[in-house]
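# Observations on the three-dimensional arrangement
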Amino acid sequence: MAYTLPALPYEYSALEPHIDTKTMELHHDKHHATYVQKLNDALVNNPDLTEMPVTELLKSFANLPEALKTAVKNHGGGHANHTLFWEIMTPDGSKTPTGKLAEEINKMCTDYATFMSHFTEKSLGLFGSGWTWLVVKADKSLEIITLPNQDSPYMLGYTPIMGVDVWEHAYYLKYQNVRAEYLKAWWNLVNWDVIAEKFAAIS
Ligand code: MN3
């Protein structure tokens, strides 16, 4: 079975004014759809692999045939990364972490404001295209990491529970080159309810 583009869990306009409708349409219907299409194209002769959820495909990256690795890294990563990105944004979820997740974030960064500031600094410091991730490591501790392009934290054995896309296609129409303004607006959309559920599921 081929991979499919998941529908957005809200309207294209739902994240206005922080992320504009046109950007959401292009980002989901063109960019994300292309990752799905190219992943399916690359795996057309390996239908056994497409039986796996894309996150499992990325976890098993090291064992994949060499000829498929670049496509899985770029397009499988792109598919998984964007799927998570849509899920962890919302116009109306909890605006701050709660419960055990909040405790772990505070253990790592003292408090939520410091966490936001570290996460934002890393995102601003990422040269070129990539993502900043909040990941859960094997020992269940949290870490903020950046990865280039569409590289997936799953390839490193980490579980991403939150991330921000800092490719220019994520913000250029509204914010042009000003990544800092996009990030400042993006914090208004982070869905801490969903992220807490993801954390609870693996910790
Ligand atoms: Mn993107």
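Residues numbered from 1 in each chain as written. Predicted model: local features only at pLDDT ≥ 70, side-chain atom pairs only at ≥ 80, totals over all residues. Heavy atoms only, no water.

### Here we look at the overall build of the protein
Scanning the protein for helices and strands turns up eight helices and three strands. Counting from the amino terminus, the protein carries its helices and strands in the arrangement α-α-α-α-α-β-β-β-α-α-α. Computed over the C-alpha atoms, the radius of gyration of the protein is 17 Å, within 12% of the 17 Å expected from 2.2 N^0.38 for a compact globule of 203 residues. Expressed as a percentage of the 203 residues in the protein, the buried residues total 47%. Intrachain contacts of the protein at a sequence separation of at least 6 include 68% that bridge at least 24 residues. When the accessible surface of the protein is totalled, it reaches about 9,600 Å², and 54% of it is carbon and sulfur. Mean positive and mean negative side-chain charge positions of the protein (16 and 24 charges, respectively) differ by 4 Å. (Helix = DSSP H or I, 4+ residues; strand = E, 2+ residues; numbered from the N terminus. Rg over C-alpha atoms; globule rule 2.2 N^0.38 Å. Buried < 20%, exposed > 50% of the residue type's maximum accessible area, 1.4 Å probe, protein only. Contact = heavy atoms within 4.5 Å. Areas by Shrake-Rupley, 256 points an atom, 1.4 Å probe, with all protein chains shown as cover. Lys, Arg positive; Asp, Glu negative; His and termini not counted. Charge placed at Lys NZ, Arg CZ, Asp CG, Glu CD.)

### What about the coordination of the manganese ion?
Every protein donor of the manganese ion is listed here as His 27 (NE2), His 82 (NE2), Asp 165 (OD) and His 169 (NE2), and their distances to the metal cover 1.9 to 2.1 Å. When the donors of the manganese ion are listed by position in the chain, the intervening gaps give H-x54-H-x82-D-x3-H. (Donors = N, O, S within 2.8 Å, 3.2 Å for Na, K, Ca; no water.)

### Quick look at the domain arrangement of the protein
Domain parsing of the protein yields domain 1 (20–87) and domain 2 (99–202). The straight-line distance from the C-alpha centre of domain 1 to that of domain 2 is 20 Å. Counting residues at the interface gives 20 residues for domain 1, matched by 24 residues for domain 2. With a shortest N-O distance of 2.6 Å, Glu 87 and Lys 198 are connected by a salt bridge. Applying the counting rule to domain 1 against domain 2 returns seven residue pairs in polar contact (both at pLDDT 80 or more). (Domains from an automatic or database assignment. Salt bridge = Lys/Arg side-chain N within 4 Å of Asp/Glu carboxyl O. Polar contact = N/O pair within 3.5 Å; in protein donor to acceptor, adjacent residues only side chain to side chain.)

### A short note on helix H5 (residues 112–125)
Under the 1.5 Å per step criterion, the end-to-end length of H5 is 20 Å for 14 residues, consistent within 8% with the ideal 20 Å. Those residues of H5 not exposed but buried are Tyr 112, Phe 115, Phe 119, Thr 120 and Ser 123. Along the axis of H5, the buried positions cluster into a sector of 125°, meaning they face one direction only. Across from the buried face of H5, at angles greater than 90 degrees, the exposed residues are Ala 113, Glu 121 and Gly 125. Tucked inside the fold, the buried residues of H5 contact helix H4 (99–109), strand E1 (130–136), strand E2 (142–148), strand E3 (159–165), helix H7 (179–186) and helix H8 (192–202). (Expected span 1.5 Å × (residues − 1). Arc of directions from axis to C-beta.)

### Focus: the packing of aromatic side chains
This structure, assessed with the given rule, holds 14 aromatic pairs. The interplanar angle of 5° and the centroid separation of 4.9 Å between the aromatic rings of Trp 131 and Trp 133 together place this pair among those described as stacked. With a centroid separation of 6.2 Å and an interplanar angle of 55°, the aromatic rings of Tyr 175 and Tyr 182 are classed as tilted. Looking at Tyr 175, the relative accessible area reads 13%, which means it is buried. Owing to a relative accessible area of 0%, Tyr 182 belongs among the buried residues under this scheme. The structure contains a cluster of three or more aromatic residues connected by ring pairs, namely Tyr 112, Phe 115, Phe 119, Trp 186, Trp 187 and Trp 192. (Phe/Tyr/Trp six-rings, centres within 6.5 Å; stacked < 30°, edge-to-face > 60°.)

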